[in-house]
Every structure is written in structure tokens, then in C-alpha cells.
Amino acid sequence: QKPTEKLAMDSAPLCPLHFVFIPFMAPGHVIPMVDMAKLFARRKVNVTIVTTPLNSIQFQATIDREIKSGSPIQIQIVEFPFAEAGIPKGCESIDTLPSMSLMSNFNKAVCMMQQPIEELLEKLSPIPCCIIADKHIIYVADIANKFNVPRIIFDGTNCFHLLCNHILRKERVHEDVSHHEEKFVVPGMPGRIELKRSQLPGIFNPGKDMELNVFREQVKESEAKAYGIVVNSFEELEGEYVEEYKRVTGHKVWCVGPVSLSNNDELDKALRIQRDSSHDESKYVKWLDSWPPRSVIYVCLGSLNRAIPKQLIELGLGLEATKRPFIWVLRGGYGREEMEKWLLEDGFEERVKGRGILIKGWAPQVLILPHKAIGAFVTHCGWNSTLEGICAGVPLVTFPLFGEQFYNEKVVVQVMENGVSVGAESVVHLGEEDNSPVQVMKGNVKDAIEKVMGEGEEEEKFRERARKYRDMAWKAIEEGGSSYHNMSQLIEDILHVKG
Ligand code: UDP
């Protein structure tokens, strides 16, 4: 590519707008931003996704499919400076890092991408008029200033989380408690939201990594200066929190989700992200076809899956005790050898043969979850997984681990009454798992699953609510729905700014 050569979109620009998407490189961040980018491009906004080579390979197929159907969307690549940042080759996503102690190196590499991204943006045609970037890539604020375009941040979570953080920063009630396990009420949150300091995300409950703590402060400052926030949620799910957050901050907020519903046919779902080419994804669907409706438990603790082996063993024994069929995704490098040993030597794999499938890699989650045989989703409450469970109409069994996942558990269990908690008590910071205690016993797992899968009036109510929220989610994203409307408003807003 010669420096002066323009990188033009192939499709004729039906709309004068050109949005640039810059996702942070972790599955829970890249996946929803690519989904969202596809939705904008279907509205005939020109879209460029900027990412690194190995990340691009994972969603090239889904983008190609969009281009074929007429969407003006493209991927542009910036090299990932792994060697300069001291990261092993091939690790361009957080979940592939051999150790969480490399997190600050990873952030360094992301920082080093600023200049190449600027150089890339200079070459784009039509000229970009808006940048939608993950909130963790803070230098996008400088890029947006340089190009004189609005910067919209993608937060990756929901308005409950945004509001709760806003209130805690202001009121600091979590600092008034005598110890980390004491409950307090978050003042000004709709509903009575009780939390413990030990359940709060790192910004209020920091781990030992000081660099990460400083970085979190920088993210917070950069967040406040953004033009607006785009949220992967929908108003029918958490309307009171959306309104209250807008009111107390004055921020522009657009809820445009659930963006995973951009994958509306089987091929879209299978192509959504290609992490594990060795898997024949249809085999899970075939296996699920052999079970009665709502009989199978799906268990996945996210893309990072940092639970310690002793904890995972309790989870496995709980699953076994239900005597129900299950799919258990056991990904992540943490404690892999110890787990493998247990699975084999304790005879777990042998005992559950036929009724339990272990996926020791990447699961095609959005393909599995909506299958009629799935009856419950044991989730770590990452926001993407939570929403994907909601969209599938499946009751959730909540097992939060870190970050803002205890907030998301509140949304599911208390606000929506769409799930049951296994009773995890506190955050285990990433990289500090080694000495963490086992928080959830096999009996807790079994009991929580039975509360949403068993026979009885209460159990049926969970399933009814799950179906109700699924229908609301689909309605929100369809033409005329609240999220569809919010996306139109965002586009209008940027058209107006562009003049
Ligand atoms: N995911 C998947 N297969 C896996 C693990 C994760 O498809 O084996 C996807 C999941 O569908 C979701 C994302 O990865 O879209 C994980 O994001 P989430 O916010 O739930 O959790 P995180 O991984 O960031 O903790």
C-alpha cells in the first residue's frame, strides 16, 4: 500500500457516513463490536473495523458474508507489536496470553498501535466521521481530536453497571464499611441493590497489580470525555437504569443490543467467530437433537475461564449429581493439567460418558444456547454470555467470577428474576487465582440448577420469564424496536454533527 493511496470501500457509499470500529483484543470485546459493526453496515453506514492479523482471521468469514449481501463493511489490519512489547508470537488476544502477568505488556502493545492506526485512518475513503472504540483503548481520544470526529465509546456492559459505578465513585459508600464482606445498599440505584465490597469490580476493589489499577483510573477519565456511549443492552431489560444513568450524567447513551442477534441464521451463528477450526460445530447440534426439549444444561464460564481446578471440580460434581445431560466448556489455560488429571484419574469423564460432553476448547455458544434441548445456562455472567442466554430464552444459573460479573448477577437474579445464583461470594482478581478459596460446593450447583430446571410452579415461572425476555430482546432489535430506533438516532446524530 503506497502511503498516498486511499483505502476505499468497494461498495458504493449509499450513505455519506463512515464509522471506524476499534475493538479491544479479547473475545468478550471483539465479538460484540464485530456484531455491532455488522448492524451499522446493514443500515448502509460505511464501516471499517481496525484490528490485528490474527484477530481479523477469526471474523473474516462473517464479514465476507456481509459484503456478499451488500453491506459496505471492511476489515483493515494493523500489525500487533508483540516482540517490542515482550509478548509471545501468536498472542494477539488476552485469552491466549500464557500468563495474566503479561497483561501490562499486552496493554503496552495496544498503546504502540496508536501511530499505525492514525496512519491507516488518514488513508481511508470516505473520510471517517465517527470512531466507535472500546473504552480500554484510551488514546482513541487523541486520534478523534486529531481527525476532529466524535469518539463514541463501547463499554461492553450495561447501564446498571455504568450507573452503579457512577454512584459509587461519587458517594463512596463502599469505603464506609468495616470489612470487605459487609453488605451495603447502593444509594440512588432503582430497586434496593445490596453489594459487598468484595464483589465490586477492580476500580473499587483493586487487586495487587498496581499498573492495572492506574490504567483503570485513566480509562475512567477518558470515558467522561467521550461524545457518547453505545451499550449492548436493550431498554426493555433495564429501562430504569438507562434513564437514571442518562439523567445523572447527562451522557448521550444509545442501547443498541442485543447485538448477538445480528447472527440470525445457523450459518451466521457458526461463522460468527472462528476460533477453533478443528471443531465440526454441527456435531453438537446433532447431539442436542437427540435429547428432549429443555433437558440439557449448558455450562461455560467465559472465554478466560479462570476458575481454579478445585472450584471446577465442585462444579463438575454438581453437574454429575443432577443426573441430567450437559455440555461443559472447559477452556482456558489455568490449571489445565490438574483438571485433565482429575477428569481422567477420578473417572469423571468415564462416569458421565454419553450424557455429558466436555468441550476443551472454543464452543459455538450462540449455536448451542438457542437449541430447544437446552434447559439452563450456568454462566459466569460475562455480559455477552448473559445476553446470549437471555436471547435464547433460557433461565440462567449465575456463577460470577471477576470484573463486573456480580453486578450482572444482580441484573439477572434480582432485576429480571430470570435466574438463580449458585452463591459465589466474592471476586477473584485475574492473575490472583492461586490462593483463592473454593466458594461454591457441588450441592449449591445442583440446587441452583434444580430451581430452574425442575418440575413445579416456581420453576415454570423462571422458564416463562425467560421466554418473555427472549421475545422482548428480538423485538428490540427488529425494525421498529427500541434498539433499532436508537441505532437510527445515533446515525442521525452523527449526520447532524457532520453537517
Ligand atoms: N464464547 C464462545 N465460546 C466459548 C467461550 C466464549 O462463543 O467457548 C463467546 C461468548 O458467546 C461471548 C464471549 O465469548 O460472546 C465471551 O464474552 P463474555 O462477556 O460472556 O465473557 P468474557 O469471556 O469476556 O469473560
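Above: the structure in question.
Presented here is a report on the structure given in the accompanying data block. Since this is a predicted model, take the numbers as computed values, not measurements.

For the chain, the count of helices and strands is 20 helices and 17 strands. Taken over the C-alpha trace, the chain has a radius of gyration of 22 Å; the compact-globule value for 499 residues is 23 Å, and the two agree within 12%. In terms of principal-axis extent, the alpha carbons of the chain reach across some 65 × 55 × 50 Å. Counting the 499 residues in the chain, one finds 46% classified as buried.

Before going further, it helps to examine the site of the ligand. For the ligand, the set of nearby residues contains 18 residues, the closest of which are G28, G302, S303, G382 and S385. Broken down by secondary-structure element, the contributors of at least two residues to the shell around the ligand are α1 (27-42), α15 (365-368) and α16 (383-392). The element best represented in the shell around the ligand is α16, accounting for four residues. Taken together, the residues of the shell around the ligand sort by class into nine nonpolar, seven polar and two charged.

Taken in spatial order, the six strands make up an open sheet running β14-β13-β12-β15-β16-β17, and their pairing is parallel. One side of each edge strand has no neighbouring strand; the edge strands of this open sheet are β14 (356-359) and β17 (419-421). Ignoring strand direction, the axes of neighbouring strands in this sheet form an average angle of 15°. In terms of strand pairing, strand β12 (residues 296-300) meets strand β13 (residues 326-329) through four bridges, oriented parallel. Paired with V299 across the strands is W328, a residue of β13. The sheet contacts of helix α18 (residues 442-453) involve β12, β15 (374-379), β16 (396-398) and β17, and relative to β17 the element is tilted by about 165°.

The rules we used
Residues numbered from 1 in each chain as written. Predicted model: local features only at pLDDT ≥ 70, side-chain atom pairs only at ≥ 80, totals over all residues. Helix = DSSP H or I, 4+ residues; strand = E, 2+ residues; numbered from the N terminus. Rg over C-alpha atoms; globule rule 2.2 N^0.38 Å. Buried ≥ 20, exposed ≤ 12 C-beta atoms within 10 Å, placed from the backbone. Near = placed C-beta within 6 Å. Nonpolar A, V, L, I, M, F, W, Y, C, P; charged D, E, K, R; others polar. Pairing = 2+ DSSP bridges. Axes fitted to C-alpha atoms, helices over the stretch in contact; angles between N-to-C directions. Contact = placed C-beta atoms within 7 Å.

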